[in-house]
Amino acid sequence: MTRAQAILLGLAVFAIGGGGYWVFRSSGLEGFSPGIAASALLMLVVLGWTASYLLRVVGGKMTYMEQRRRYRAAYDAVTDDELQRKFDAMSPEEQARLLAEVGQLQADAEM
């Protein structure tokens, strides 16, 4: 979220509170009642947003986490393809030597 979006969101929250006050006042509530009703409504909106945020945090559905998962999956796919292409370009002797160096050749022979 950019700074401008955060400021607009804050202004929208104030507008919802003020709009709620005028809606409750025009519906017949007088005195402090419209202010209390508008405050209660705004509090419910904020509590609902906070609850949804906490559920996203606990469930790991945050925007950054989702972007990181997608980026990591794409990076792994590209890296795996590039390594496979380089491995396939090697001669069979070089492949066997490389597999022996990393211990893969012995592990396959034991199975």
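Here is what the cut-offs are and how they apply
- Residues numbered from 1 in each chain as written.
- Predicted model: local features only at pLDDT ≥ 70, side-chain atom pairs only at ≥ 80, totals over all residues.
- Heavy atoms only, no water.
- Helix = DSSP H or I, 4+ residues; strand = E, 2+ residues; numbered from the N terminus.
- Rg over C-alpha atoms; globule rule 2.2 N^0.38 Å.
- Buried < 20%, exposed > 50% of the residue type's maximum accessible area, 1.4 Å probe, protein only.
- Areas by Shrake-Rupley, 256 points an atom, 1.4 Å probe, with all protein chains shown as cover.
- Lys, Arg positive; Asp, Glu negative; His and termini not counted.
- Charge placed at Lys NZ, Arg CZ, Asp CG, Glu CD.
- Phe/Tyr/Trp six-rings, centres within 6.5 Å; stacked < 30°, edge-to-face > 60°.
- Patch = residues over 30% accessible without salt bridge, like charges linked within 9 Å, V, L, I, M, F, W, Y side chains within 5 Å.
- Salt bridge = Lys/Arg side-chain N within 4 Å of Asp/Glu carboxyl O.
- UniProt positions renumbered as here; feature names shortened; annotations may be inferred.
- Polar contact = N/O pair within 3.5 Å; in protein donor to acceptor, adjacent residues only side chain to side chain.
- Contact = heavy atoms within 4.5 Å.
- Expected span 1.5 Å × (residues − 1).
- 1 Å grid on protein atoms, 1.4 Å probe; cavity = no way out; pocket = protein on both sides within 12 Å on 5 of 7 lines; lining within 4 Å.
- Points joined across faces, edges and corners; volume = space filled by probe spheres on them.
- Nonpolar A, V, L, I, M, F, W, Y, C, P; charged D, E, K, R; others polar.

1. Description of the overall build of the protein
- Scanning the protein from terminus to terminus reveals five helices and zero strands.
- Helices and strands in the protein line up, N terminus first, as α-α-α-α-α.
- Against the 2.2 N^0.38 benchmark of 13 Å for 111 residues, the protein shows a C-alpha radius of gyration of 30 Å, more extended than a compact globule.
- With the C-alpha coordinates aligned to their principal axes, the bounding extent of the protein is approximately 90 × 30 × 15 Å.
- Burial statistics for the protein: of 111 residues in total, 7% are counted as buried.
- Entry remark: accessible area of the protein is about 9,300 Å², with carbon and sulfur atoms responsible for 66%.
- Of note, the protein has its 11 positive side-chain charges centred 17 Å away from the centre of its 12 negative side-chain charges.

2. Quick word on the packing of aromatic side chains
- Scanning the model with the defined rule gives two aromatic pairs in all.
- Pairing Trp-49 with Tyr-53 gives two aromatic rings, centres 5.7 Å apart and planes at 20°, and the pair type is stacked. Pair noted here: Trp-49 and Tyr-53 are both in helix α2 (residues 33-59), with a separation of four residues, about one helical turn.
- Tyr-53 gets classed as partly exposed once you look at its relative accessible area, which sits at 33%.

3. Side note on a nonpolar patch on the surface
- A contiguous nonpolar surface patch, about 470 Å² in accessible area, is contributed by Ile-7, Leu-8, Leu-11 and Phe-14.
- The residue Ile-7 is located in helix α1 (residues 3-26) in this model.

4. Regarding the UniProt feature "transmembrane region" (unreviewed entry) in the protein
- Residues annotated in UniProt with the feature "transmembrane region" (unreviewed entry) correspond here to residues 7-24 and 36-59.
- With 100% helix and 0% strand, residues 7-24 has its two end C-alpha atoms placed 26 Å apart.
- Taken end to end, residues 36-59 is 100% helix and 0% strand, and its two terminal C-alpha atoms sit 34 Å from one another.

5. Observations concerning the side chain of Gln-95
- By the element assignment, Gln-95 lies in helix α4 (residues 92-102).
- There is a polar contact of 3.5 Å between the side chain of Gln-95 and the backbone oxygen of Met-90.
- Excluding its chain neighbours within four sequence positions, the residues that come into contact with Gln-95 are Phe-87, Asp-88 and Met-90.

6. Re α2
- With 27 residues, α2 extends 39 Å between its outermost C-alpha atoms, agreeing within 8% with the 39 Å of an ideal straight helix rising 1.5 Å per residue.
- Those residues of α2 lying buried are Pro-34, Ala-37 and Ala-38.
- Residues of α2 that are buried sit in contact with α1.
- Looking at the residues trailing α2, positive phi occurs at Gly-60, about 70°.

7. Some details on the layout of surface pockets
- A volume near 190 Å³ is recorded for the largest pocket.
- Elements with a minimum of two residues in the lining of the largest pocket: α1 and α2.
- Per-class residue counts for the lining of the largest pocket are seven nonpolar, one polar and no charged.

8. With respect to the environment of Leu-41
- One can find Leu-41 in helix α2.
- The sequence separation of Leu-41 and Tyr-21 amounts to 20 residues, and the corresponding C-alpha distance is 9.6 Å.

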